[in-house]
Amino acid sequence: DPCGAGAVDDLTDFIDVSAVDGTLATGATDVSDASCVALAGGEAVFTVTPEEDAVLTASTAGTGFDTVLSVRAACLDPASEIACSDDAPGAVDTSEVTFAAGAGETYFLVVEGVAGASGSFSLAVTTVADPCDSLPDVTGSIGGGAVAGSTAGATDRVDGTCAGAAGGERIYAVRPSFTGVLRASTAGSTIDTVLSVRTDCAAAASEIACNDDAAG
């Protein structure tokens, strides 16, 4: 039983410290599959219980076989799955999940091998930085040139109301020294963008404008 007494290792003290090594034994019993890959192999299970609310990323980067990584609120209950990854962005075999974790809540990280793959693996858990910390100030660009940016690798922490669950975001601060009407635009971008404005970065209720597609 991968969830039995003594079978589950706690990684809480390793968050943002180092990866841990584990092993999926050849022929291990497949108890409960993750949702993103059918018929994976046996499981190795770990827990994390953050002391504070956080967004965490768990990754099997550096592992030499094809992994599946999922997060659950209950070890053997597939219905409690919070996130699942077969292949991390840009990867072929390793997996990566990012999820919002509540203070004092225990989460189960389940490592499996695709099609019964087995061997030694590496599992690291890191904290995702709050996008509202250390905001770039673009006040100086008002009336001037556009600011170049990229959402590559960004984590989805803040969503505008006009587009539902969008992808990862980049956030900028504007602090005008005058009273007036400002227009912000992502014209010239090469991806389908969503643009929203808030008076408080962390408070969704402070949104004052949101746009998915500009007129025309």
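Quick notes on the rules
- Residues numbered from 1 in each chain as written.
- Predicted model: local features only at pLDDT ≥ 70, side-chain atom pairs only at ≥ 80, totals over all residues.
- Heavy atoms only, no water.
- Pairing = 2+ DSSP bridges.
- Helix = DSSP H or I, 4+ residues; strand = E, 2+ residues; numbered from the N terminus.
- Axes fitted to C-alpha atoms, helices over the stretch in contact; angles between N-to-C directions.
- Salt bridge = Lys/Arg side-chain N within 4 Å of Asp/Glu carboxyl O.

What follows covers the sheet that holds strand S2 (residues 20-24). One open sheet holds the four strands; their spatial order is S2-S9-S4-S7, and the pairing between them is antiparallel. Of all the strands in the sheet, the pair left with one neighbour each is S2 and strand S7 (96-101). On average, adjacent strands in this sheet sit at an angle of 25° to one another, irrespective of strand direction. Sheet analysis places strand S4 (residues 54-59) next to S7, joined by six bridges and oriented antiparallel. Looking across to S7, one finds that Val 55 is bridged to Ala 100.

Another aspect to go through is the pattern of salt bridges. Per the stated rule, a full pass over the model turns up one salt bridge. As a salt-bridge pair, Arg 175 and Asp 137 come within 2.5 Å of each other at their nearest N and O atoms. In this pair, Arg 175 is assigned in the loop between strand S9 (119-127) and strand S10 (195-198) and Asp 137 in the loop between S9 and S10, connecting sequence segments 38 residues apart.

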